[in-house]
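Listed here are the chains, written in short residue letters.
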Amino acid sequence: MNNQANNINDPKKAVAESLPGGGMLLSSSNPVEEDTALLKETFKEKYKWGFVTDIEADSAPPGLDESTIAFISAKKDEPEWLLEWRLRAYRHWLTMEEPEWAHLTYNKPNFDEIIFYSAPKSLADGPKSLDEVDPALLETYKKLGIPLAEHAALAGVAVDAVFDSVSVGTTFKDKLEEVGIIFCPISEAVHSHPELVKKYLGTIVPYSDNYYATLNSAVFTDGSFVYIPKGVKCPMDLSTYFRINAKSTGQFERTLIIAEEGASVSYLEGCTAPMRDENQLHAAVVELIALDDADIKYSTVQNWYPGDENGVGGIYNFVTKRGKCQGDRSRITWTQVETGSAVTWKYPSCILLGDDSVGEFYSVALTNNYQQADTGTKMIHIGKNTKSTIISKGISAGHGQNIYRGLVRIQKGAENARNYTQCDSMLMGDRCGAHTFPYIEVKNKTAKAEHEASTSKIGEDQLFYCNQRGISTEDAINMIVNGFCKEVFRELPMEFAVEARRLLEVSLESSVG
Amino acid sequence: MTTPLLEITNLHASIEGKQILNGVNLTIMPGEVHSIMGPNGSGKSTLASVIAGHEAYEVTEGSILFNGIDLLELEADQRACAGVFLAFQYPVEIPGVSTKFFLKAAVNAIRKYRGQEELDAMDFLDMVEEKAKSVSLNIDLLDRNVNEGFSGGEKKRAEVFQMAMLDPLLGVLDETDSGLDIDALKIVADGVNQLRTQDRGFVIITHYQRLLDFIVPDFVHVLKDGVIVKSGDKSLALELEEKGYAGIEACKSECSCA
């Protein structure tokens with residue numbers, strides 16, 4: 001927790017900001033430090049009581065209390081500081097209320113019924129070959145153009161039998177290690193690089209940040225850890241390896257990416273293949289830190305199960321993603337293509353602390369059937385000459401509800417800060433909705449913030465024009481939607497962009513009668 | 001006997017319950033150019049939209065045969081593939097979609113329907129270059145999004161260019177001359193004239209006889225209140241210019257076409 005205390009020495013970091021949407025932007029002081037000792041005492045008491053759970057068990061009993069957290073921590077053989085941190089988060093969480101400000105309607109999760117930890121299923125439990133996999137699922141993979149070799153891995157077939165993923169993984173790992181990049185599960189990093197994890201974990205999204213981030217801090221299961229040393233440009237997109245291997249990270253994912261001075265990395269998260277999951281609630285946290293001249297590009301394609309066409313089932317995706325451009329001239333780019341989940345609640349944000357730092361947010365969110373997405377970004381300008389760009393494209397079809405919610409805040413000291421926001425919505429049919437909630441707060445006279453917004457309907461006229469040129473309605477819709485999303489897709493790495501395009505096509509199938 | 005290219009019989013059509021066409025009869029043989037004139041609101045554009053298959057219009061009575069097949073049975077995209085082309089009065093913009101990309105999709109959809117092989121990028125670009133010349137269309141325009149930022153004249157030229165690319169059997173031009181200056185009008189007319197063959201037919205919808213100086217029609221029809229009230233050769237257009245549509249009504253009783 002030392003780093004939290006260090007913040008006091010830097011006036012820039014000592015800005016406490018509570019954001020709409022709940023949560024603290026930065027920890028302003030070190031009450032944390034003070035109550036650690038106190039907590040330790042209490043904790044020790046609890047500890048005695050807590051560890052009655054059989055740690056040999058494959059899963060924790062449903063529900064959440066301190067013993068569940070102790071169980072998770074013990075399962076992962078975590079150091080004491082991390083367990084303490086988790087418990088502190090949990091105790092804070094107990095004092096919080098589930099937020100209701102989002103423009104969303106859903107049944108709140110029953111935390112007493114959730115199993116917060118279960119051991120990853122061994123591959124041996126899965127289907128033995130592709131013949132045992134649901135043909136509908138394979139059909140979708142085919143439509144998405146996913147390489148055959150990956151079908152098996154995605155469908156959960158014992159991968160080793162199909163192709164040698166271990167050696168693929170090792171090749172990548174060797175290549176990365178050569179240049180000093182650390183890329184591993186965060187549970188592994190806790191043991192192999194405790195000093196880094198300890199230094200940065202929870203500094204961007206504090207454990208007290210918001211209801212779901214706090215819950216995540218208490219019970220996170222696993223996630224990725226990336227460290228790019230000074231001056232190193234990551235030689236590859238951190239993707240393929242990840243896609244095949246990052247199954248079973250569980251519903252409470254935690255990712256931490258650190259780019260040292262002059263480092264750069266492009267990280268791809270997710271997968272266009274429809275991911276089915278037994279867990280209805282997903283509450284992930286992602287923290288990015290970019291030091292001087294560092295560059296982090298974080299691209300997401302999210303296609304969790306959205307529920308059926310009547311809105312039954314589907315994943316709740318409540319995610320806190322935040323990056324801090326801590327260094328001068330640093331840059332963080334969020335690009336997301338969100339087509340899945342029944343309910344999405346997600347605002348990848350940038351804290352532009354360093355002078356001349358740049359934050360970018362490019363988003364396509366599609367809601368079909370009864371899906372709801374409340375998504376957007378926060379750009380907090382603190383440093384001088386900071387720039388941010390927000391391009392948001394929302395597409396609603398069926399009964400889908402698409403909400404853009406964004407905050408652009410330009411602090412007093414952010415001389416010459418610039419923001420450009422473009423927020424476009426497209427409606428298909430007359431039963432869906434698009435809503436925009438932009439917040440703009442400018443406290444510096446030299447700053448400029450621009451906001452453009454449009455709402456369009458895929459017009460009968462556009463479709464007729466395409467039809468009249470021989471193009472079928474389905475192809476016409478794909479063409480129009482892809483044109484609409486062009487500015488975002490071109491921010492995605494090439495192969496990801498191709499997949500994202502196909503994903504939109506598949507997601508919109510049968511959306512027009 | 002040759003099959004008519006287009007045979008419209010007693011066509012009645014409405015939009016949102018409002019009756020617009022009240023029994024149109026029109027027969028076009030291959031190679032013929034027919035001009036349809038008429039006052040505002042007489043149903044000219046509706047006729048074009050109904051031929052092309054716009055869903056908003058409901059055909060309440062009558063039939064349209066295209067090369068002997070029942071056109072009303074086909075969806076709009078199938079009609080296009082079968083060889084019906086409509087040059088729009090107000091071409092629609094499609095943001096984010098380049099004209100080239102759009103046209104390649106169109107050309108190949110139609111080729112596929114006709115059992116021809118799809119064009120690859122090279123052949124397609126060759127074709128683009130050749131056809132663009134025929135309407136003096138700046139080829140750089142085709143890298144722009146469909147009709148986005150095109151001037152009025154560019155839009156109309158692009159429509160004729162698209163017609164050349166898609167090689168239809170029937171070209172329906174809906175007020176392609178509106179908003180064009182005389183030079184642009186000549187270019188567009190020239191483009192259309194180059195496409196006149198003995199197999200291809202045209203329906204030219206216009207307010208003014210000016211266009212018909214350049215695209216000389218075989219027949220001229222006057223549409224009024226949703227019916228063709230008078231037909232004749234190109235001299236009818238001149239007569240209209242002189243007397244106006246009001247003058248046409250007077251001769252309705254002695255006219256054979258009513």
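Model, not experiment: these values are computed from the prediction.

A. How the structure looks around the interface of chain A and chain B. On the chain B side, the residues contacting the 17 residues of chain A number 32 residues. For the pair chain A and chain B, the two sides together bury roughly 1,900 Å², of which 67% comes from carbon and sulfur. Ranking the residues of chain A by area buried against chain B places F464, Y465 and R469 of chain A at the top, with a combined share of 38%. At the boundary of chain A and chain B, one finds one salt bridge.

B. Representation of helix α13 (residues 460–468) of chain A within the structure. Residue and element names in this part refer to chain A. Here α13 lies mainly inside the structure; seven of its nine residues are buried. Buried within α13 we find Q462, L463, F464, Y465, C466, N467 and Q468. Just beyond α13, the residue with positive phi is G470, at close to 90 degrees.

C. Molecular detail of the confidence of the model for chain B. All names here are of chain B. Of the residues in chain B, 95% reach a pLDDT of 70 or more, and the chain-wide mean stands at 90. Low pLDDT (under 50) marks residues 252–258, which in the prediction has eleven contacts with non-local residues, meaning those over four places away or in another chain. In the predicted assembly, ipTM is 0.94 and pTM is 0.78.

D. Spatial organisation of the sheet that holds strand β3 (residues 33–37) of chain B. Residues and elements named next belong to chain B. With mixed pairing, six strands are arranged side by side in an open sheet as β6-β9-β10-β3-β11-β12. Every other strand in the sheet has two partners, leaving β6 (84–87) and β12 (227–232) as the edge strands with one partner each. Strand-to-strand, the axes of this sheet are offset by a mean angle of 20 degrees, without reference to chain direction.

E. Layout of the layout of surface pockets. Estimates place the volume of the second largest pocket at around 710 Å³. Residue assignment for the lining of the second largest pocket shows that the elements contributing at least two residues are α14 (473–489) and α15 (494–508) of chain A together with β7 (94–98) and α3 (99–113) of chain B. Of the residues contributing to the lining of the second largest pocket, the split by class is nine nonpolar, eight polar and eight charged.

F. Here's a closer look at the packing of α14 of chain A against α15 of chain A. Residue and element names in this part refer to chain A. Orientation of α14 relative to α15, taken along the N-to-C sense of each, is 140 degrees, at an axis distance of 10 Å. As far as their axial angle goes, α15 and α14 are oblique. Like other packed secondary-structure pairs, α14 and α15 cross with a definite hand, here right-handed. Two secondary-structure elements touch here, α14 through I477, N478, V481, N482, C485 and F489 and α15 through A497, A500, R501, L504, E505 and L508. When grouped by side-chain class, the residues that make up the contact of α14 with α15 number eight nonpolar, two polar and two charged.

G. Representation of the pairing of strand β11 (residues 349–352) of chain A within the structure. All names here are of chain A. Here β11 shows no split at all, with S349 and I351 on one side and C350 and L352 on the other all buried. Relative to β11, strand β8 (residues 316–325) is paired through four bridges, and the arrangement is parallel. Paired with G323 across the strands is C350, a residue of β11. For β11 and strand β13 (residues 372–381), the ladder comprises three bridges, and the chain directions are parallel. Its bridge partner lying in β13, L352 is registered against H381.

H. The pattern of salt bridges, seen in detail. All chains considered together, the criterion is met by 23 salt bridges over all chains. Between E287 of chain A and R254 of chain A there is a salt bridge; the shortest N-O distance is 3.0 Å. With E287 of chain A in strand β6 (residues 285–290) and R254 of chain A in strand β3 (residues 254–259), the pair connects residues that are 33 residues apart, well separated along the chain. Relative accessible area serves as the criterion here: at 0%, E287 of chain A is assigned to the buried category. Of the charged contacts, one joins D167 of chain B and R200 of chain B as a salt bridge, the two residues approaching to 2.3 Å between their closest N and O atoms.

I. Quick look at the environment of P79 of chain A. Residue and element names in this part refer to chain A. Locating P79 in the fold gives a position in the loop between α3 (66–75) and α4 (80–94). Given a relative accessible area of 24%, P79 falls into the partly exposed group. Between the C-alpha atoms of P79 and F111, which are 32 residues apart in sequence, the distance is 26 Å. If we skip the residues at most four places from it in the chain, P79 touches V190 and H191.

J. Up close: the sheet that holds strand β4 (residues 57–66) of chain B. All names here are of chain B. Strand order in the open sheet formed by four strands is β2-β1-β4-β5, and the pairing between neighbours is antiparallel. Two strands bound the open sheet, and with one partner strand each, they are β2 (18–28) and β5 (69–70). Here two bridges tie β4 to β5, and the two strands are oriented antiparallel to one another. Bridging from a neighbouring strand, F66 pairs with I69 of β5.

Scoring rules and cut-offs
- Residues numbered from 1 in each chain as written.
- Chains lettered and ligands numbered in written order.
- Predicted model: local features only at pLDDT ≥ 70, side-chain atom pairs only at ≥ 80, totals over all residues.
- Heavy atoms only, no water.
- Contact = heavy atoms within 4.5 Å.
- Buried area = accessible area lost by both parts, 1.4 Å probe.
- Salt bridge = Lys/Arg side-chain N within 4 Å of Asp/Glu carboxyl O.
- Buried < 20%, exposed > 50% of the residue type's maximum accessible area, 1.4 Å probe, protein only.
- Helix = DSSP H or I, 4+ residues; strand = E, 2+ residues; numbered from the N terminus.
- pLDDT = per-residue confidence, 0-100.
- Pairing = 2+ DSSP bridges.
- Axes fitted to C-alpha atoms, helices over the stretch in contact; angles between N-to-C directions.
- 1 Å grid on protein atoms, 1.4 Å probe; cavity = no way out; pocket = protein on both sides within 12 Å on 5 of 7 lines; lining within 4 Å.
- Points joined across faces, edges and corners; volume = space filled by probe spheres on them.
- Nonpolar A, V, L, I, M, F, W, Y, C, P; charged D, E, K, R; others polar.
- Parallel < 35°, antiparallel > 145°, perpendicular 65-115°, else oblique.
- Left-handed = near helix turned anticlockwise from the far one by under 90°.

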